[in-house]
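Summary of the model geometry
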2 protein chains.
Amino acid sequence: MENTLFDYLSKYIKLTHNEKKAIIDLDIFKQFKKGTLILRKGQFSDYGYFVIKGCLRCYYIIDGNEKNTAFYTEAESFEPVCKIDKKASEYFVSCVEDSILVVANSEMEKSIFEKFPKFETLCRILTEELLIKSKSEFDNFKTSSPEQRYLTMLQKRPDLIQRVPQHQLASFLGVKPQSLSRLRARILKKK
Amino acid sequence: MENTLFDYLSKYIKLTHNEKKAIIDLDIFKQFKKGTLILRKGQFSDYGYFVIKGCLRCYYIIDGNEKNTAFYTEAESFEPVCKIDKKASEYFVSCVEDSILVVANSEMEKSIFEKFPKFETLCRILTEELLIKSKSEFDNFKTSSPEQRYLTMLQKRPDLIQRVPQHQLASFLGVKPQSLSRLRARILKKK
DNA sequence: ACAAAACGTTCACTTAAGTTAAGAAATGAA
DNA sequence: TTCATTTCTTAACTTAAGTGAACGTTTTGT
């Protein structure tokens, strides 16, 4: 369980046995059942999440309809907007599957930064990397048609098509479920 | 000139006179003429930018057409993807107007982090904030129609409509210039 | 095992965006 | 100022997405 986390972190810094122990002692590994709501609209939360195993879904409810904007799977992390904003959350986050997550709040972060300053460097670098990745994805979304976006997802995140219902992927790709269905039929016909 | 930077930073930390001097001594304020290319496709760069005055435009050239994905104005910052990726840049960044920018590379960052560790905390927090803002904007883009996006821009970034040509705003809003023109006519008719 | 709910596809119709082209308006350089 | 270029708008036509509904399949809970 810890391995997913430490393997991921080892790309950035080497951790001593003591440092690893300090992390484990924080008791940050939590299990959640499929369907569990991690975050609700209107809620305030200063917890951040890292997916060890499973899949999280971020969605808005707009005019009574769910609009999915993000899916987080193994070795991906996310911090709710409300954490920094200090406003109530605009969206929900739920578990698409039974999941194991690393869960940490600001207080825990602060205490570990004080004990091991290099964790702050780590967090800064990880966040910079996420920001960059986020820009790439946004740019790619803006410059592609729904059909191209679907083809890109087939290449870059083929697992999502298996684990997530089509009608949830639709809004993630910026279209309605019927359009996604049609678009897939169109692609099949072309081949 | 420094004021734009220090006013902005004062929201996050208090800087001593010494710390401010250390920043100014880095000689990071640079002027650029309208049209100057700050970053080219294919280029490697480890510089980050903060806009004191002016406007930057990030664009791709896809099938010979410019696709604009971001505009940066006063008190906004950006780091090129290639800085962390270590791959060649996929896009161009140019000055929409005569601009004054804070320009710093990784080496300068590193030296200032060593002298004043609290700058690293500052950078971590600023980056977290940018990431959160970026997620909000992406979510908003995904869950809106082009018409709604234009109306949102009218509210949130009305200055852009004045400073940036319409045909550049079009791809930023995810449509062709003709569609933006039509969409604006449609809005006027409704009122 | 069964009924209910959720899911995916298809269809007909509507609405909006893409495409191509033409012309008017604004901008900039000589 | 004039001429050329760029920018913006309009229009006619094409293509794709939105909408509402139907239908069969799969999944879920009891």
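Computed from a prediction, not measured in an experiment: that's the story for all the values here.

1. Remarks on the protein's contact with DNA strand C
The immediate surroundings of DNA strand C are formed by 15 residues, with Gln166 of chain A together with Gln178, Ser179, Arg182 and Arg186 of chain B found nearest. Across the atoms of DNA strand C situated within 4 Å of the protein, the share located in sugar and phosphate is 64%. Within the backbone of glutamine 166 of chain A, one N or O atom sits 3.0 Å away from a phosphate oxygen of DNA strand C. Between DNA strand C and glutamine 178 of chain B, the relevant distance is 3.5 Å, taken from a base oxygen to a side-chain nitrogen or oxygen of the residue. At the level of secondary structure, the elements contributing two or more residues to the surface near DNA strand C comprise α8 (166-172) and α9 (177-190) of chain A together with α9 (177-190) of chain B. Here the residues of the surface near DNA strand C sort into four nonpolar, six polar and five charged.

2. Quick notes on the domain arrangement of chain A
Residues and elements named next belong to chain A. When cut into domains, chain A gives domain 1 (2-136) and domain 2 (144-191). Placing the centre of domain 1 and that of domain 2 at their C-alpha centroids yields a distance of 26 Å. Between domain 1 and domain 2, the residue contacts involve 15 residues of the former and eleven residues of the latter. Summed over both partners, the interface of domain 1 with domain 2 buries about 930 Å², with 45% contributed by carbon and sulfur atoms. Put simply, domain 1 and domain 2 have three salt bridges between them. A salt bridge links glutamate 74 to arginine 163, with the nearest nitrogen and oxygen atoms 3.0 Å apart. The element contributing the most residues to the side of domain 1 that touches domain 2 is strand β5 (residues 65-72), with seven residues. Residue composition of the side of domain 1 that touches domain 2, grouped by class: five nonpolar, four polar and six charged.

3. Topic: the sheet that holds strand β4 (residues 56-62) of chain A
Whenever strands of a sheet pair, they do so through backbone hydrogen bonds, lying parallel or antiparallel. Ordered by their spatial adjacency, four strands build an open sheet running β2-β7-β4-β5 (chain A), and the pairing between neighbours is antiparallel. Each edge of the sheet is formed by a strand with only one pairing partner; in this case those strands are β2 (37-39) and β5 of chain A. If you compare each strand with its neighbour and ignore which way they point, the axes differ by 35° on average. Relative to strand β7 (residues 92-95) of chain A, β4 of chain A runs antiparallel, the two being bridged by four bridges. Along β7 of chain A, the bridge assignment pairs tyrosine 59 of chain A with phenylalanine 92 of chain A. Running at roughly 135° to β5 of chain A, helix α5 (residues 118-142) of chain B makes contact with β4 and β5 of chain A of the sheet.

About the cut-offs
- Residues numbered from 1 in each chain as written.
- Chains lettered and ligands numbered in written order.
- Predicted model: local features only at pLDDT ≥ 70, side-chain atom pairs only at ≥ 80, totals over all residues.
- Heavy atoms only, no water.
- Near = heavy atom within 4 Å.
- Polar contact = N/O pair within 3.5 Å; in protein donor to acceptor, adjacent residues only side chain to side chain.
- Helix = DSSP H or I, 4+ residues; strand = E, 2+ residues; numbered from the N terminus.
- Nonpolar A, V, L, I, M, F, W, Y, C, P; charged D, E, K, R; others polar.
- Domains from an automatic or database assignment.
- Contact = heavy atoms within 4.5 Å.
- Buried area = accessible area lost by both parts, 1.4 Å probe.
- Salt bridge = Lys/Arg side-chain N within 4 Å of Asp/Glu carboxyl O.
- Pairing = 2+ DSSP bridges.
- Axes fitted to C-alpha atoms, helices over the stretch in contact; angles between N-to-C directions.

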